[in-house]
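Reading the structure
Residue-level listing of the chains:
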Amino acid sequence: MAQVRSLQKIMAYLSANNTVAVNNSDTRLAGCFLLGIPGLEHLHIWLSIPFCTMYVAALAGNGILICVILSQPSLHEPMYIFLSMLASTDVLLSTSTLPKALANFWLSSTHISFDGCLTQMFFIHFLFVAESAVLLAMAFDRYVAICSPLRYATILTSTAIGKIVAATLARSFIIMFPCIFLLKRLHYCRVNIIAHTFCEHMGIARLSCSDISINVWYGLAAALLSTGLDIILIAVSYIHILQAVFHLSSQDARSKALSTCGSHICVILLFYIPALFSVFAYRFGGRRIPRYVHILLANLYVVIPPMLNPVIYGVRTKQILEGAKQMFSNLVKESK
C-alpha cells in the first residue's frame, strides 16, 4: 500500500511538472527523470540555498587554492601538487552533481537523457575513486616525509609523481568503464524514474526488469577493492606516521607533524564516512533508512569536503597562506 501511495505521489509530481514516465522498453529513448529528494519536495527551494552556497564556496576556495599552488614556484613540491590534484577533483566532483540538482530544485528540470545519465554516473564514480586515490597519495607523501625524511627527495621525484597521477586516472577508468556496459546490457521496461538528484550505478540498474545481481556484486566489489583498499592503506600509513611522530624528541616538531596529520585525517573522515554510509545504505538499508536521508547524505559528501578542504588546508598551512598573500599582492601590483 505504501509503495502504491509513493508511486501515486511520484506520478502526480511528474504530471505537475509536465514530465512523462514510461513503462516500457523506451527508457533509452525517452530518458530518465530525477525526482530530487522525494518526501522533501516542498523544501527544494530552501534546500537549494545551502547547497548553492556550499557549491559556490567550493568552486571559489578550490579555484584559489589551485591558482596559488600553480603561481608560486615555492609550492611546486609533492605535497602541494597532490593538494592541487585534490582541489581539481573536488571541483569536478561537485560540478558533476550540483548544477543538475540545483536546476531540479529551481526549475523543476527533472529530465535527463539516458546517455546523459550514464555519462553523469560514470564521472561521479570515476571522480570518487580518483579522489580516494589522491587521498592515499597524500597519506603516502606524509608517511615518507615523516618516517623517511632523508629519502623524501629521492622517492617522490617528478617521475614518481607522474606515475602516481597516471595510475590514479588509469585505475579509476578501468574500474568504472565496465559499469557502462553492465548497464547497457540490461533490458529497461519499468517506470523511468530515479528517486535521486543525480544518476548513480544502482539507481539506473534498478530501472531494469533484468537480473541486476551482476551489477550489485560488481559495484560492491569495485567499492571494496578500490576505496576499501585505499582506506586500509591510508590507515596503515597513519598508524606508522603516528608511531614515528610520538618518537620525535622535539616537542615543536611533534606538534607540527600532528597538526599536519590532523588536518589530513579530518579531510579523510569527511570524505569517506558519508560516502560509505551512502553506498551501503543504498544497497542494504533501503527500507530501514528513509530515502531522503540517503539522498541528502549522497549530496553532502560531494559538496561538504570540497567546500572545507581549502579552509582546512589554507588556514592550517602557513605556506599556502603566504602563497595566497603573494599571489594577491602581485595581482594588485599588476592592476596598478
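Residues numbered from 1 in each chain as written. Predicted model: local features only at pLDDT ≥ 70, side-chain atom pairs only at ≥ 80, totals over all residues. Heavy atoms only, no water.

Under an unreviewed UniProt entry, the name given to the protein is Olfactory receptor, and the organism recorded is Muntiacus muntjak.

1. Concerning the sheet that holds strand β1 (residues 32-34)
Adjacent strands of a sheet form backbone hydrogen bonds with each other and so pair up, either parallel or antiparallel. What counts here: We call two strands paired when DSSP finds no fewer than two bridges between them. The secondary structure listing takes helices from DSSP runs of H or I that are at least 4 residues long and strands from runs of E that are at least 2 residues long, numbered from the N terminus.
Pairing is mixed in the open sheet, where 3 strands are placed in the order β2-β1-β3. Every other strand in the sheet has two partners, leaving β2 (111-112) and β3 (193-194) as the edge strands with one partner each. Two strands pair when backbone bridges link them, and β1 and β2 are joined in this way by 2 bridges, in the antiparallel orientation. Counterpart to Cys32 in the pairing with β2 is Ile112.

2. A few points about the packing of aromatic side chains
For any two aromatic rings, the description comes down to two numbers: the centre-to-centre distance and the angle of the planes. Operational definition: For this analysis, a ring pair means two rings from Phe, Tyr or Trp (six-membered ring only for Trp) whose centres lie within 6.5 Å, classed as stacked if their planes differ by under 30 degrees, edge-to-face if by over 60, and tilted for the remaining angles. For the exposure calls, accessible area comes from a 1.4 Å probe over protein chains only, and a residue counts as buried if that area is under 20% of its type's maximum, exposed if over 50%, partly exposed in between.
As enumerated under the stated definition, the model contains 9 aromatic pairs in all. Geometrically, the ring pair formed by Phe128 and Phe271 is stacked, given 4.8 Å between the ring centres and 25° between the ring planes. Placement of the pair is Phe128 in helix α6 (residues 114-147) and Phe271 in helix α11 (residues 251-284), with a sequence separation of 143 residues. Here Phe128 matches Phe271 in class, with each residue buried. With a centroid separation of 5.1 Å and 80° between ring planes, the pair formed by Phe177 and Phe181 is classed as edge-to-face. Here the residue Phe177 and the residue Phe181 both occupy positions in helix α8 (residues 158-184), the gap between them amounting to 4 residues, near one helical turn. Its relative accessible area of 33% is what places Phe177 among the partly exposed residues. Taken together, the aromatic side chains of Phe122, Phe123, Phe126, Phe173, Phe177 and Phe181 make up a single cluster linked through ring pairs.

3. Re unusual backbone geometry
Unlike most non-glycine residues, Ser108 shows phi in positive territory, near 55°. Considering the arrangement of structural elements, one finds Ser108 in the loop between α5 (98-107) and β2.

4. Comments concerning the nonpolar core
What counts is decided by this rule: For the purposes of this section, nonpolar cores are sets of buried Ala, Val, Leu, Ile, Met, Phe, Trp, Tyr and Cys residues that join through side-chain atoms within 4.5 Å. Pairs of residues are marked as contacts when any of their non-hydrogen atoms sit within 4.5 Å.
If you look at the biggest cluster of nonpolar residues, it comprises 82 residues, and the most contacted ones within it are Leu83, Leu135 and Ile204. Counting residues per element, this core draws most heavily on α6, at 17 residues. Every residue in contact with Leu83, bar those within four places of it in the chain, is listed here: Leu65, Ile69, Met138, Tyr313 and Ile320.

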